[in-house]
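Now for the letters of each chain:
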Amino acid sequence: MCTAVSFKTKDHYFGRNFDYELSYGEKAIIIPRNYVFELRKLPALSKHYAMVGLTSVFDNTPLIYDAVNEHGLAMAGLNFEGNAVFYDFDHAMDNVTPFEFIPYILGQCKNVAEAKEMLTKINLVNEAFSADLPLAPLHWIISDSEDNTIVVETLADGMKVYDDPVGVMTNNPTFDKQLFNLNNYRGLSAKTPENTFDPTVDLPAYSRGMGTLGLPGDLTSSSRFVKAAFVKAHSVCETDESSSVSQGFHILSAIEQQRGCCEVSEGKYEYTIYSACYNKDKGILYYKTYEDSQITALNMHKADLESEQFTLYPLSQTQHFNYAN
Ligand SMILES: C[C@H](CCC(=O)NCCS(=O)(=O)O)[C@H]1CC[C@H]2[C@@H]3[C@H](O)C[C@@H]4C[C@H](O)CC[C@]4(C)[C@H]3C[C@H](O)[C@]12C
């Protein structure tokens, strides 16, 4: 399971939990403007926007999970098992493989409006990276520095591009159903509710937080969608960078997964391998891993963005303690 959330304070942020039972050797990456993205069905992208993100690398090729580009457009791929369909080659379209989709969009679009325009020409073609790395059944969230957010799903009846008014995406079911499900929680509130149940009966508010009674806390993708949307909608925080990034991780921690609670096969557990929080305006990736709660920051603007080589940064996987004595 994974969850992505966009939010804003003074700047605009985009966060993502990467939840899974195994790692493909994820690393942080800065990809400069002149790195040549070879494409399977289209001419290479030899000049494009720079980006910072999280990726695995196979055959010296970055296969990006989530990233933000130098114009503040962010994108992430999340599992969409059983729903994602990729299509046969279409001569009338720009055929892009699913593993090329994130760099293809972030390399060429400044914002969601440009991405929407580009999506009208894209056919996500059913070609895997290699025999060892089959097609990943993903859907994608794309969010810009004006906080416009869309979700892209390729279903049996074609590509759907949904406006995402809550700025949240998880996994199944399809996005329209996820959004509709929020209706079931429209009565939830950060405030203590009045007794409308039966005002003639004494029903005292015996606890704080009674407005959130019924907010799901389980690990299903539909519950995580509701919880992330509620927490984001009610998030209150100072607008400076430190407070905003801290708040971003607090939002993500509301739907993080502790190892042991979701067994996906005998002895294998899904857990939050990393949480990433991007400042879209400043091109900074902040991340934490399951093993290291300290926040690591990677600022793309501190790299040479005119270079032709990407730079990889191993994820920190040892806990950093602040010893008080
Ligand atoms: C499984 C990951 C998504 C995490 C997630 O959503 N988990 C929820 C599981 S569930 O719905 O609740 O069951 C996705 C995100 C990015 C994916 C990877 C990236 O797309 C890059 C390559 C793409 C290759 O085609 C397959 C390997 C791969 C390395 C992918 C493996 C896997 O599908 C990843 C790691």
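Think of each chain on its own: its residues are numbered from 1, step by step along the sequence as written. The model is predicted, so local features are restricted to residues of pLDDT at least 70 and side-chain atom pairs to those at 80 or more, both for listing and for counting; the totals for chains, interfaces and linings are taken over all residues. For the side-chain quantities, the full set of heavy atoms in the structure was used; hydrogens and water were omitted.

For the chain, the name recorded in an unreviewed UniProt entry is choloylglycine hydrolase, with Ligilactobacillus apodemi DSM 16634 = JCM 16172 as its organism. UniProt positions are given in the numbering used here, feature names are shortened, and annotations may be inferred rather than shown by experiment. A UniProt comment under Pathway (unreviewed entry) is attached to the chain, and it reads "Lipid metabolism; bile acid biosynthesis."

**Overview of the overall build of the chain**
Put simply, DSSP H or I for four residues or longer makes a helix, DSSP E for two residues or longer makes a strand, and each gets a number counted from the N terminus. Helices and strands together make up the secondary structure of the chain, namely five helices and 18 strands. For a compact globule of 325 residues, the expected C-alpha radius of gyration is about 20 Å, and the chain comes in at 20 Å, within 12% of that figure. Across its three principal directions, the C-alpha atoms of the chain cover 70 × 60 × 45 Å. Accessible area is worked out with a 1.4 Å probe on protein chains only. A residue is then buried under 20% of its type maximum, exposed over 50%, and partly exposed in between. Within the span of the chain, comprising 325 residues, buried residues form 48% of the whole. Note on contacts: a residue pair qualifies if any of its non-hydrogen atoms lie within 4.5 Å across the two residues. Sequence-distant contacts in the chain: of pairs separated by 6 or more residues, those separated by 24 or more amount to 67%. The protein chains shown are the only cover counted for residues, whose accessible areas, like all others here, come from Shrake-Rupley with a 1.4 Å probe. Split by element, the accessible area of the chain, about 15,700 Å² in all, is 51% carbon and sulfur. Computed over 25 positive and 42 negative side-chain charges, the inter-centroid distance for the chain is 4 Å. Every radius of gyration here is taken over C-alpha atoms, with the globule rule written as 2.2 Å times N^0.38, N being the number of residues. Charged residues are defined here as Lys and Arg on the positive side and Asp and Glu on the negative side; His and the ends of the chain fall outside this count. Every charge is mapped to an atom, namely NZ of Lys, CZ of Arg, CG of Asp or CD of Glu.

**Observations concerning the nonpolar core**
Residues Phe101, Ile105, Ile122, Ile142 and Leu285 are the most contacted members of the largest nonpolar core, which totals 81 residues. At six residues, strand 15 (residues 271-279) tops the list of elements feeding residues into this core. Beyond its immediate sequence surroundings of up to four residues, Phe101 is in contact with Met75, Val96, Leu119, Ile122, Leu124, Trp140 and Val152. The term nonpolar core refers to a set of buried residues drawn from Ala, Val, Leu, Ile, Met, Phe, Trp, Tyr and Cys, joined through side-chain atoms within 4.5 Å.

**Side note on the sheet that holds strand 3 (residues 27-31)**
For two strands to be treated as a pair, DSSP must find at least two bridges joining them. Reading across from one edge, 11-10-9-6-5-4-3-18 is the order of the eight strands in this open sheet, with antiparallel pairing throughout. Either end of the sheet is taken by a strand with one partner, and the two such strands are strand 11 (158-163) and strand 18 (311-314). Within the sheet, the average angular offset between the axes of one strand and its neighbour, ignoring direction, is 30°. Direction of pairing for strand 4 (residues 51-58) relative to strand 5 (residues 61-69): antiparallel, over a ladder of eight bridges. Note on strand 5: the bridge partner recorded for Met51 is Asn69. Sitting on the sheet, helix 2 (residues 112-119) is in contact with strand 9 (138-143), strand 10 (149-155) and strand 11, with an inclination near 20° to strand 10. Axis geometry follows a simple rule: fit a line to the C-alpha atoms, using only the stretch in contact for helices, then measure angles between N-to-C directions, giving values from 0 to 180 degrees.

**Considerations on the UniProt feature "domain: Choloylglycine hydrolase/NAAA C-terminal" (unreviewed entry) in the chain**
The UniProt feature table records "domain: Choloylglycine hydrolase/NAAA C-terminal" (unreviewed entry) at residues 2-310. For residues 2-310, helix accounts for 16% and strand for 31%, while the C-alpha atoms at its two ends are 26 Å apart.

**Structural notes on the environment of Leu106**
One can find Leu106 in helix 1 (residues 101-106). Judged by relative accessible area, which is 0%, Leu106 ranks as buried. Here the alpha-carbon distance between Leu106 and Val168, two residues 62 residues apart in the chain, equals 19 Å. With residues near it in sequence (within four places) discarded, Leu106 still touches Tyr49, Met51, Ala67, Val68, Asn69, Leu73, Ala74 and Met75.

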